[in-house]
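Each chain, letter by letter, is given below.
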Amino acid sequence: MDVVLQIILNSFQSFAIYSLATIGIVLIFRTSFTTNFAQGIIAVFGCYVSTNFARYYGFPLPLAILTGAAVAFVIGLCIDVFIIRRGHNLSPSQKQIITMGLLLIMTNLIPVMFSFITAMTPQTPNLADGIIQFQLFGSNFQVTNQGLAALSIAIVLLGIVFAALKYTKWGLGVRATASNEVVSQMMGINTKVITAFSWAIAGALATVAATSLGTVLGPNMMGKVQIYGFLAMVLGGVSSFFAPIIGTMIIPIFNSSAVIISSTWADAIVFLLVLVLILAFPNGLFGKKTIKKV
Amino acid sequence: MIKTKVSHLKRDRLLAVTKHPYFAFLAFGAAMMILMFLSSIGILQYSFAASLTFTLIYSMVAIGFSYLLGYAGLASLGTAGFVGLGAYIASFMMQTGVQQGIIPFEIPYVFILIIALLVSVGLGVVVGFISLRIEGIFLAIVTLGLSEVLYQLFLNWIPITGGPNGMTVLRFPVIFGDLRLDRLSMMLIVAAFMTLLLILTYNLGKSQTGRAMLAMKNSTSAAQAMGISLLKYRLLAFVLATAYAGLAGALLMGFSRYTDPYSWTLMFSLQILAACIFGGTRSLFGIIFGTFIVLGIVPMFLQNVEYLRNNSWLFNVIIGVVLILIVLFYRGGVMQLFRDIRKFFTSIRRRLWVRKYGND
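Model, not experiment: these values are computed from the prediction. (Residues numbered from 1 in each chain as written. Chains lettered and ligands numbered in written order. Predicted model: local features only at pLDDT ≥ 70, side-chain atom pairs only at ≥ 80, totals over all residues.)

## Looking at the overall build of chain B
- The helix and strand tally for chain B stands at 16 helices and 4 strands.
- By the compact-globule yardstick of 21 Å for 360 residues, chain B fits well, its C-alpha radius of gyration being 23 Å.
- Expressed along its principal axes, the backbone C-alpha trace of chain B runs to roughly 80 × 60 × 50 Å. (Helix = DSSP H or I, 4+ residues; strand = E, 2+ residues; numbered from the N terminus. Rg over C-alpha atoms; globule rule 2.2 N^0.38 Å.)

## Quick notes on the domain arrangement of chain B
Residue and element names in this part refer to chain B.
- Here chain B is described as being made up of domain 1 (22–329) and domain 2 (332–360).
- Contact with domain 1, which involves 8 residues of that partner, is made by 4 residues of domain 2.
- Going through the elements one at a time, helix 12 (266–278) and helix 13 (284–300) are the ones with two or more residues in the side of domain 1 that touches domain 2.
- For the side of domain 1 that touches domain 2, the leading source of residues is helix 13, giving 3 residues.
- When grouped by side-chain class, the residues that make up the side of domain 1 that touches domain 2 number 3 nonpolar, 5 polar and no charged. (Domains from an automatic or database assignment. Contact = placed C-beta atoms within 7 Å. Nonpolar A, V, L, I, M, F, W, Y, C, P; charged D, E, K, R; others polar.)

## Considering the confidence of the model for chain B
- Looking at chain B, the pLDDT average stands at 88 and 98% of residues meet or exceed 70.
- For this predicted complex, the interface score ipTM comes out at 0.89, while the overall pTM is 0.89. (pLDDT = per-residue confidence, 0-100.)

## Quick look at the nonpolar core
- By size, the foremost hydrophobic cluster in this structure holds 191 residues, and its most contacted members are L20(A), F45(A), A237(B) and Y244(B).
- Considering each element in turn, this core owes the most residues, 17 residues, to helix 11 (residues 230–256) of chain B.
- With near-sequence residues (within four places) excluded, A237(B) lies in contact with Y67(B), L68(B), Y71(B), A72(B), L74(B) and M213(B). (Core = buried A, V, L, I, M, F, W, Y, C linked by C-beta atoms within 7 Å. Buried ≥ 20, exposed ≤ 12 C-beta atoms within 10 Å, placed from the backbone.)

## Observations concerning the packing of helix 9 (residues 208–218) of chain B against helix 11 of chain B
All names here are of chain B.
- Contact geometry for helix 9 and helix 11: axes closest at 10 Å, N-to-C directions at 105°. It follows from the interaxial angle that helix 9 and helix 11 lie roughly perpendicular. Of the residues in helix 11, those in contact with T209, A212, M213 and M216 of helix 9 are L230, Y233, L236 and A237. (Axes fitted to C-alpha atoms, helices over the stretch in contact; angles between N-to-C directions. Parallel < 35°, antiparallel > 145°, perpendicular 65-115°, else oblique.)

## Here we look at the environment of I199(B)
- In this structure, I199(B) sits in helix 8 (residues 183–206).
- With sequence-adjacent residues up to four places away left out, I199(B) is seen in contact with Y22(B) and F25(B).

## Describing the packing of helix 7 (residues 145–167) of chain A against helix 8 (residues 169–179) of chain A
Residue and element names in this part refer to chain A.
- Close contact between helix 7 and helix 8 brings their axes to 5 Å; oriented N to C, the two are set at 75°. When the interaxial angle is binned, helix 7 and helix 8 end up roughly perpendicular. Contact residues: helix 7 offers A164, L165, K166 and Y167, while helix 8 offers W170, G171, V174 and R175.
- Residue composition of the contact of helix 7 with helix 8, by class: 5 nonpolar, 1 polar and 2 charged.

Rendered as structure tokens:
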């Protein structure tokens, strides 16, 4: 029992990061009908900006993260307005190529643009230092403050996003676009604005995720997060916005348990387990079966 | 009078030869072989021929991938893992296995290729069964996950794969006994395989198999109603794609004798996807040209430009911009480009004709 609780405590930070990255991936998948491989690199860009502001201009951390998120928001908006919107009738794999082109461009531009930072190989700013130790049912547990801080930020942000999806006009528009783009256009929904804001919000959320990673800055820092995000999306099921979040709860728990068995093979074990689960539930754990008309 | 008729006949016969579908493939293979041969005498730089060989190997992967994307309409992002598997199997047979005493003697290269092919076919069958349960973009994500598992294997199974430092094989593979291949013969083998695969792909695409896959791509339900077995053709598509990829991996290992896990990430799968889409997904020479744009143009030509060599980040930025521009404005890929060039020339010829003879 105490092992299980400790595993859950260990996966707080990963859950925060994966859930923020995944909700962006799902938003883009539901409104633009493609998988966005550039999501991670937009986040890395925002993370560089926020690290720069926090470490070198001495901004307070929340303000620095907000600045980074705002930059990523604008980048996401620009990408949709100038590139994705022009190719709205492309096939999903052609759109994938566009996002891959963006990935190539930004991966190579970022080290050049921020060469003054990369010379020092800095870390992302710590959200909080130290660990908390406590006793429960007679056994010791510990949790990092970084994990708790990331978790609380993620819960607040996810709460805001889900409230927005449920109660605002933008959210209604997203749900309508996700269910049928053409019909929602006919009903007077400006799907272009809906899609643009989905890209922008996805960029901003992923930036917060990248900033709470707590690793060395680098263009590839979000690579694994992104792949786990895609898998979590399929694992949870894409028919609702909430199901992928449950997918992102399962993956970190698998990961913290696999680390106990072998830290080298943890990722391989998690990937295999997730693949087996997806094969067992092809529509996702909480997805509905889609019925095709012929 | 009679003489001209004979010469006409000769010309017709020659034309008939050039019109034969195999002619283009054989001519392409011969041209590649000549370029490789020129580099071995020293007329061309060796680095040029080496990058040409790499481009050929990658275009084999892309042509195999076209069975999935172009014919069967299946999305896959597992290409990198499949190629890497072939490469590491070859490295195991060529060096690691012999050193560790698992394999008693150095296996001839032919058998290495066959074993790499067999393992790849096995993997293809597994992925094919997965594709029966999951479709569309979700299949792409699942194959991406599978490729990640293989990547973790390459990265962490250090006694076999060499881990993050990569695996260097010291000597070229043996033909039999002590007779070894060398650089030129490896290049020629790659060109020969390329020609063979082109002919095979052309024939399969035109045969009942290719048409059944096309039917499946357009509508699975209609194809099933016509009596096409989804199981059979999806398995076949994946088996062909992984077999091409495994073969390419084994050839790559025989030629370059070096591989590391970081070559086989999502980026490589996406590059192959891009090459395939540029080529118009089914046109063989289009795909080769697409591979050249995505993977070949930097090492073959841009590397020689002084300014670009000093700012190597520019390469990938340029390629990224080109990728986006092509997808946005040239949806038909290279084939549309060829068509437009032909149209441009006919319009010029027409304009010249008008200037010469008047508008009537």
